[in-house]
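Residues per chain, in single letters:
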Amino acid sequence: MRAIWMCLALMLGTASQAAPPVPYAFGVLNHRSLQATAAYWNPILNYVSARSGVPLELHIGRTANETTDRVVAGQLDFAYTNHLFTPKRDRLGWRVLARQDTQGIRGQLVVLDTSPVRTLQDLAGTSVVFANPYGFTGYYVPMDALLRAGVKVAPLFAGNQEAAMGQLMSGQVAAAGVNHQVMIDFAQRRTLKYRVLAESEPYFDLAVMASPRVSAGDGEKIRQAFAGMTHDPEGQRVLQLAARSLGLPGARGFVAADDRAYNNYRNFFKHTQVPVNE
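Residues numbered from 1 in each chain as written. Predicted model: local features only at pLDDT ≥ 70, side-chain atom pairs only at ≥ 80, totals over all residues. Heavy atoms only, no water.

Colleague: Mind showing me how you'd approach the packing of aromatic side chains here?
Modeller: Each aromatic ring pair is summarised here by two numbers: the centre-to-centre distance and the angle between the ring planes. Scanning all chains against the criterion turns up 25 aromatic pairs. Ring geometry for Tyr40 versus Trp41: centroids 5.9 Å apart, planes at 65°, classification edge-to-face. Here Tyr40 matches Trp41 in class, with each residue buried. When the centroid spacing of 4.9 Å and the interplanar angle of 10° are considered together, the rings of Phe85 and Tyr262 count as stacked. Pair noted here: Phe85 is in the loop between strand S3 (78-81) and helix H4 (87-90) and Tyr262 is in the loop between strand S11 (254-256) and helix H10 (263-271), with a separation of 177 residues, a long-range link. (Phe/Tyr/Trp six-rings, centres within 6.5 Å; stacked < 30°, edge-to-face > 60°. Buried < 20%, exposed > 50% of the residue type's maximum accessible area, 1.4 Å probe, protein only. Helix = DSSP H or I, 4+ residues; strand = E, 2+ residues; numbered from the N terminus.)

Written out as structure tokens, the structure is:
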């Protein structure tokens, strides 16, 4: 009998050791369709999970604001976002770990190249499409430009950046508020010609952020894995694969970052004329 109990204990111990860790939920702010977002991010998260030893699982809402709502509700552990720098969300305690290695993003108001609209004032009374009412460069920044110019428009929300650009392309709206980098990528793929009516100062691109319940140790492992991708041949291969899935001209890596890099977001929200949706 003692031998049987020892065997059972050994089996249970082995099963316990073999149980895989529960992955952290990693939310991505979806500028593009769910399929395109998954094709881009799954290879990256698989790489980061393997290199860091911290398992991650991609979570995407149907729209960007749904993804943000999941963050605020505490349903996600990590997020790739720039929606957490409003005064109320800033107090949630999420911390910046890394960001994409770019010169930054700008909010723009754009029209088709064939549009008769030449100035912001020409948009008065027209329909202007935005991604969602939480978007920073895709809503707050261009809407702030319109309000400061004294131009009243009828805002529409398409759900994500590329859906808004699709409405512009089809002629359903007079103009679109966009993230300039997503607009460039979309226009290159669709051979779309457009004009920029207004453009903001640069802001750093979306941040990889950790919930306050994620330990400092796990957060640092994730930071180092993202920042190390461009220095590792396998990481470079994964970034190139992800870029090709979106038809991007080149891979975009990540660099380590902290909360100070996003202070101009916080400063914007202190002075914007746009009512803040939190």
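Colleague: Is there a simple way to explain the sheet that holds strand S4 (residues 95-100) in this structure?
Modeller: Strands in a sheet are paired, the pairing made by backbone hydrogen bonds, and the direction either parallel or antiparallel. On the basis of which strands lie adjacent, the open sheet formed by six strands has the order S2-S1-S3-S10-S4-S11 and mixed pairing. Where the open sheet ends on each side, the last strands, each with one partner, are strand S2 (56-59) and S11. For this sheet the average axis-to-axis angle between neighbouring strands, irrespective of direction, equals 25°. Note that strand S1 (residues 24-28) and S3 share three bridges and pair parallel. Across the sheet, Gly27 pairs through a bridge with Ala79, a residue of S3. The sheet strands contacting helix H2 (residues 34-52) are S1, S2, S3, S4 and S11, and the helix crosses S2 at an angle near 165°. (Pairing = 2+ DSSP bridges. Axes fitted to C-alpha atoms, helices over the stretch in contact; angles between N-to-C directions. Contact = heavy atoms within 4.5 Å.)

Colleague: I'm lost on H10 in this one. Help?
Modeller: For an α-helix the count is 3.6 residues per turn, leaving residues at separations of three or four pointing the same way. Those residues of H10 that sit buried are Tyr265, Arg266, Phe268 and Phe269. Seen along its axis, H10 keeps its buried residues to an arc of 155°; they face one direction. Residues of H10 that are exposed and point over 90 degrees away from its buried face: Lys270 and His271. (Arc of directions from axis to C-beta.)

Colleague: What is the right way to look at the nonpolar core in this model?
Modeller: A general trend in soluble globular proteins is that nonpolar side chains are found buried together. Within the largest apolar cluster, 70 residues are counted, with the highest numbers of intra-cluster contacts made by Phe26, Trp41, Ile44, Leu123 and Phe226. Sorting elements by how many residues they give to this core places H2 first, with seven residues. Once residues within four sequence positions are removed from consideration, Ile44 is found in contact with Phe226, Met229, Val238, Leu239, Ala242 and Phe254. Judged by nonpolar contacts, the second largest core, of 14 residues, contains Leu112, Met165, Val173 and Met183. (Core = buried A, V, L, I, M, F, W, Y, C linked by side-chain atoms within 4.5 Å.)

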